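Coordinate inspection notes
Listed below are the residues making up each chain.
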Amino acid sequence: MSEEVDVVVVGGGVAGLIAARELGRKGLRVLVLEARDRLGGRVWTDHRLGRDLEIGGTWLHWVQPHAWAEVTRYGLEVTRGPRPEEAYWLAGDEVRRGTLDEFMELIDPGMRRLLAETMRWIPRPDRPLSEPGLASVDGFTVQDRLDALDLPVEEYRANEAAWVGHFNAPLQDGAFASALRWTAATAGSWHLMHEASAVFRLAAGTRSLVEAIVADTHADIRTGTEVRRIEHDPDGAVVTTVAGSRITAQRVVLTLPQNLLGDLDISPSLCPEKRAASEEKTASRGVKVWIRVRGPITPFFAYSSAAHPLSVVRTEFLGTDDAVLVSFGADSRRISPHDLNAVSEALRVWRDDLEVLEVTGHDWMADPHSRETWLMQRPHQLTRYLEAQQQPEGVLHFASSDTANLWAGFIDGAIESGHRAARDITTGLTT
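Calculation rules
Every chain is numbered on its own, with residues counted from 1 as its sequence reads. Whole-chain, interface and lining totals are the exception, using all residues; otherwise, since this is a predicted model, local features are given only for residues with pLDDT of at least 70 and side-chain atom pairs are given and counted only at 80 or more. Computation of side-chain values: all heavy atoms of the structure, hydrogens and water removed. In this description a helix means any DSSP run of H or I spanning at least four residues, a strand means any run of E spanning at least two, and both kinds are numbered starting from the N terminus. In this analysis, the protein atoms alone were mapped onto a 1 Å grid. Cavities are point sets where a 1.4 Å probe fits without being able to get out; pockets are open sets with protein on both sides within 12 Å along at least five of seven lines; lining residues have an atom within 4 Å of a point. Grid points are joined across faces, edges and corners, and a volume is the space filled by probe spheres set on the points. Note on residue categories: nonpolar means Ala, Val, Leu, Ile, Met, Phe, Trp, Tyr, Cys or Pro, charged means Asp, Glu, Lys or Arg, and polar means any other residue, Gly included. Between 30 and 60 degrees the pair is tilted, below 30 it is stacked and above 60 it is edge-to-face, where a pair is any two Phe, Tyr or Trp rings, Trp via its six-membered ring, whose centres lie within 6.5 Å. The classification of residues rests on relative accessible area computed with a 1.4 Å probe and restricted to protein chains. Under 20% of the type maximum is buried, over 50% is exposed, and intermediate values are partly exposed. Two conditions define a charge sitting above a ring: the NZ of Lys or the CZ of Arg must be within 6 Å of the ring centre, and it must be within 35 degrees of the ring normal. In this analysis, strands are considered paired if DSSP registers two or more bridges between them. Only C-alpha atoms enter the line fits that serve as axes; for helices the fit covers just the stretch in contact. Angles between N-to-C directions range over 0 to 180 degrees. For this analysis, residues touch if any pair of their heavy atoms sits within 4.5 Å.

On to unusual backbone geometry, then. Here the residue pair Ser-267 and Pro-268 is connected by a cis peptide bond, since its omega of -5° sits within 30 degrees of zero. Of note, Pro-268 is situated in the loop between strand S13 (265-267) and helix H12 (272-280). The peptide bond linking Gly-295 to Pro-296 adopts the cis configuration, its omega dihedral lying at 0°. Inspection of the secondary structure puts Pro-296 in the loop between strand S14 (287-294) and strand S15 (300-303).

Structure follows, in structure tokens:
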């Protein structure tokens, strides 16, 4: 079977859906092909543990302009989890208990020193490569720069665990430049960066955003349709699905994550930089675990260290007789989000009074349609590859949160990149 459209969008995540919406608004015939049986990509609201849980991407903030524009456009309600009343952290092997303010005071000196030159290296977060000397620090990992601070053990472990939570990756793999990018997006304020990346969420879940975009597009959207091969030349492209369908298009938008893009059969092949980035993979390989415990409990958060299978945990939902916690670890190979006993044991790092009733999550690293969580680059990837990753190749265009400028790795970044691809295409096809 064969058909012809103006644009094929490969991938029905947020970036692909935004691109499809904007292209359709220009009167173009758009076909979205999504390999999964659902839309949303790495955002996914699913009903588990008695709540609507975010299995993937979750948080947004009013300092994220592209995401907040969508919140305003569709009148989406924003909420947050309960404010922590207790905090737990480690001083070596000793568990400390205090308040949120006390923990923030503990990590503040290290955070300030680590990020002191943020705006020197990334003065324009919307143009992350604008400082010519950025390559001189892009070779460092967060671990390198954290170790150089020579912090007391309690401050070190607290700062380390906080960054593991942000990176969802071992800190010896994650580029220091990624920490700079996040903080530059909040004008150098680590406090605001912390809030923007981990507090506010959509009251009806990320599915409400996905559904609103879908309802607002004229594109033909097909789930359960995996692409096998793309052949392209200056006149257009032919997209072949696994089922054997062939679609001819004037333009193609590829929204695959960095870790997957190089695996797709594309002829002629992509530029060396795109292929190298895909072969190297991102640093992120962490795990997100949802945990239902017996209640009532006092809302809390806790940080351990990079050496523990779960480095961060906090209360996200409170019930009368239960509570649901969300937790993160640096390496998905060290703990399964479905292993109740292992999760229970991991929580005992901080406290032994929590009875775990159920656990759930999703192994994004094993997911054949992602093989990564959110973007955290390895050293040198920003300065070596980003510019090439963003560039069209003939009739092929690229949109992904992984290649955004401002909030790469976030919902905001996906929206930004979708707009960029659509603008580039409509400029070429409608002028």
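Picking up where we left off.
The final tally for this structure, using the stated rule, is 2 cavities of 30 Å³ or more. Empty space within the largest cavity amounts to approximately 130 Å³. Put simply, the parts of the chain that give the lining of the largest cavity at least two residues each are helix H11 (258-261) and H12. The element that contributes the greatest number of residues to the lining of the largest cavity is H12, accounting for 3 residues. Tallied by class, residues from the lining of the largest cavity come to 7 nonpolar, 6 polar and 2 charged. Of the residues belonging to the lining of the second largest cavity, the class tally is 7 nonpolar, 3 polar and 1 charged.

We now examine the packing of aromatic side chains. Taken as a whole and assessed by the stated rule, the structure comprises 14 aromatic pairs. Centre to centre, the rings of Trp-163 and Phe-167 are 5.8 Å apart; their planes meet at 80°, and the pair counts as edge-to-face. A residue pair is termed a helical-turn pair when its members lie 3 or 4 positions apart in one helix, as Trp-163 and Phe-167 do in helix H7 (residues 153-167) at 4 residues. We classify Trp-163 as buried; its relative accessible area is 0%. On the basis of relative accessible area, Phe-167 is assigned to the buried category, the value being 0%. Each residue in the set Trp-89, Phe-103, Phe-301 and Tyr-303 is aromatic and connected to the rest through ring pairs, giving one cluster. A cation over an aromatic ring shows up here: Lys-274 above the ring of Phe-398, its NZ or CZ 4.4 Å from the ring centre. The side chain of Arg-351 reaches across the aromatic face of Phe-300, ending 4.6 Å from its centre.

If you walk across this open sheet you meet the 7 strands as S7-S6-S15-S16-S17-S14-S18, and the pairing is mixed. With one partner strand each, in any of the chains shown, strand S7 (94-98) and strand S18 (356-361) form the two edges of the open sheet. Shown here is a sheet whose adjacent strand axes are inclined to one another by a mean of 20°, direction ignored. Of the strand pairs in this sheet, S14 and S18 are connected by 5 bridges, and their pairing is antiparallel. Note on S18: the bridge partner recorded for Val-289 is Gly-361.

By secondary structure assignment, the location of Arg-48 is in strand S3 (residues 45-48). When neighbours within four sequence positions are excluded, Arg-48 is seen to be in contact with Leu-53, Ile-55, Thr-360 and Gly-361.

Right, let's talk about helix H8 (residues 176-184) for a bit. Helical periodicity: at 3.6 residues per turn, an α-helix aligns residues three or four positions apart in one direction. The element H8 is largely enclosed, with a buried count of 9 among its 9 residues. Along H8, the residues that are buried comprise Phe-176, Ala-177, Ser-178, Ala-179, Leu-180, Arg-181, Trp-182, Thr-183 and Ala-184.

Across the 8 residues of strand S17 (residues 322-329), 8 count as buried, placing the element largely inside the fold. Residues of S17 alternate between two faces, with Asp-322, Val-324, Val-326 and Phe-328 on one and Ala-323, Leu-325, Ser-327 and Gly-329 on the opposite face, all of them buried. The pairing of S14 with S17 spans 8 bridges and is antiparallel. Residue Arg-294 lies in a different strand from S17, and its bridge partner there is Asp-322. Of the strand pairs in this sheet, strand S16 (residues 312-318) and S17 are connected by 6 bridges, and their pairing is antiparallel. Looking at S17, one finds that Val-313 is bridged to Ser-327. Hairpin remark: S16 followed by S17, antiparallel, with 3 residues in the connecting loop.

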